[in-house]
Amino acid sequence: MVKDSPVIADVLPLFVEFIEELPLAGHNIHSFDMKYIYRDCEKYLGMIPGNDYIDTLYISRKCLPEMAHHRLTDLAQHYGISTEGAHRALKDCHMTQQVYELLKNESELVSSGAKTIPVCERCGKKMILRNGKFGEFWGCPGYPGCNFTINVRKNKGLI
Ligand SMILES: [Zn+2]
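Residues numbered from 1 in each chain as written. Predicted model: local features only at pLDDT ≥ 70, side-chain atom pairs only at ≥ 80, totals over all residues. Heavy atoms only, no water.

Assigned domains of the protein: these are domain 1 (8-113) and domain 2 (114-159). Centre-to-centre, using C-alpha coordinates, domain 1 lies 26 Å away from domain 2. (Domains from an automatic or database assignment.)

This is the structure we're talking about:
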């Protein structure tokens with residue numbers, strides 16, 4: 001698949017320029033991607049990028065400890081995100097981005113001290129805080145199979 005593609009020494013400078021000083025987000029980025037980025041930046045560019053990074057694997061282990069597996073496709077399924085075309089680079093980027101946004105909501109809830117993440121009355125799944133036309137609401141991760149929702153009533157115990 002990559003045999004006619006440019007080699008890392010040629011694309012790495014473009015990558016480093018592209019990421020600027022921005023934080024990087026990735027699934028298992030701490031143990032996997034950063035290792036190779038650091039290794040090759042040192043080897044070919046004589047520098048180590050100082051970008052901060054966010055590992056969605058780490059966040060999911062913290063926020064969703066009840067899940068048996070934390071692969072990107074497990075999280076996508078949990079959140080009702082399409083996994084069609086998984087393991088192709090761009091598709092995995094889009095999945096990671098969507099998973100990150102949803103995990104961010106969840107981790108903000110945990111750190112803001114919200115005690116109660118409601119459970120879907122129809123299928124028993126832990127609900128997800130989503131943004132809709134009329135603001136935030138709790139949606140079932142089984143959507144579209146299950147379309148149970150709960151209105152967010154701020155100051156009334158649910159958030
Ligand atoms: Zn449900």
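This model, assessed by the stated rule, comprises four salt bridges. Measuring nitrogen to oxygen at the nearest pair gives 3.0 Å for the salt bridge that ties Asp40 to Arg39. The salt bridge partner of Glu66 is Lys126, with a shortest N-O separation of 3.4 Å. Pair noted here: Glu66 is in the loop between α3 (56-63) and α4 (72-78) and Lys126 is in the loop between α5 (89-111) and β3 (128-132), with a separation of 60 residues, a long-range link. Residue Glu66 is classed as partly exposed on the basis of its relative accessible area, which comes to 47%. For Lys126, a relative accessible area of 23% gives the class partly exposed. (Salt bridge = Lys/Arg side-chain N within 4 Å of Asp/Glu carboxyl O. Helix = DSSP H or I, 4+ residues; strand = E, 2+ residues; numbered from the N terminus. Buried < 20%, exposed > 50% of the residue type's maximum accessible area, 1.4 Å probe, protein only.)

To continue, consider the pairing of β3. Pairing of β3 with strand β4 (residues 135-139), which is carried by five bridges, proceeds in the antiparallel orientation. For Ile128, the partnering residue across the bridge sits in β4 and is Gly139. (Pairing = 2+ DSSP bridges.)

A four-donor tetrahedral metal ideally has 109.5 degree angles, and a six-donor octahedral metal ideally has angles of 90 or 180 degrees. Around the zinc ion, the protein contributes the donor atoms Cys120 (SG), Cys123 (SG), Cys140 (SG) and Cys146 (SG), at 2.2 to 2.3 Å from the metal centre. Taken together, the four donor atoms surrounding the zinc ion define angles of 98 to 123° at the centre, an arrangement classified as tetrahedral. When the donors of the zinc ion are listed by position in the chain, the intervening gaps give C-x2-C-x16-C-x5-C. You can see Cys123 sitting in the loop between α5 and β3 and its partner Cys140 sitting in the loop between β4 and β5 (149-151), a full 17 residues away along the chain. (Donors = N, O, S within 2.8 Å, 3.2 Å for Na, K, Ca; no water. Tetrahedral: all angles 85-135°; square planar, octahedral: opposite > 155°, others 65-115°.)

So, about the packing of helix α1 (residues 8-19) against helix α2 (residues 33-45). To characterise two packed helices, one gives the angle between the axes of the helices and the distance between these axes. Interaxial distance between α1 and α2 falls to 10 Å at its minimum, and their mutual angle equals 105°. With respect to each other, α1 and α2 are oriented roughly perpendicular. Residues Ile8, Ala9, Leu12, Pro13, Phe15 and Val16 of α1 form the contact with α2, whose own contacting residues are Ile37, Asp40, Cys41, Tyr44 and Leu45. Among the residues making up the contact of α1 with α2, the classes are represented as ten nonpolar, no polar and one charged. (Axes fitted to C-alpha atoms, helices over the stretch in contact; angles between N-to-C directions. Parallel < 35°, antiparallel > 145°, perpendicular 65-115°, else oblique. Contact = heavy atoms within 4.5 Å. Nonpolar A, V, L, I, M, F, W, Y, C, P; charged D, E, K, R; others polar.)

Moving on to the sheet that holds β3. One open sheet accounts for three strands, arranged β3-β4-β5; its pairing is antiparallel. Whereas interior strands pair on both sides, the edge strands pair on one side only; in this sheet they are β3 and β5. In this sheet, adjacent strand axes meet at a mean angle of 40° when their direction is disregarded. Here β4 pairs with β5 via three bridges, running antiparallel. Pairing of Trp138 across the sheet is with Ile150, part of β5.

As a further point, take the environment of Leu22. By the secondary structure assignment, Leu22 is in the loop between α1 and β1 (24-26). Counting along the chain gives 31 residues from Leu22 to Tyr53, while the straight-line C-alpha distance between them is 8.5 Å. Contacts of Leu22, omitting those with residues within four sequence positions, involve Asn51 and Asp52.

Because each turn of an α-helix spans 3.6 residues, side chains separated by three or four positions in sequence point in the same direction. Between the first and last C-alpha of α2 there are 17 Å, a value that for 13 residues agrees with the 18 Å anticipated at 1.5 Å per step. Looking only at α2, the buried set comprises Met34, Ile37, Asp40 and Cys41. Projected down its long axis, α2 carries its buried residues within an arc of 140°, all on one side. Seen from the buried face of α2, the exposed residues on the opposite side, beyond 90 degrees, are Glu42 and Lys43. Those residues of α2 hidden inside the fold are in contact with α1, β1 and β2 (53-55). Backbone geometry just downstream of α2 places Gly46 in the positive-phi region, at approximately 65°. (Expected span 1.5 Å × (residues − 1). Arc of directions from axis to C-beta.)

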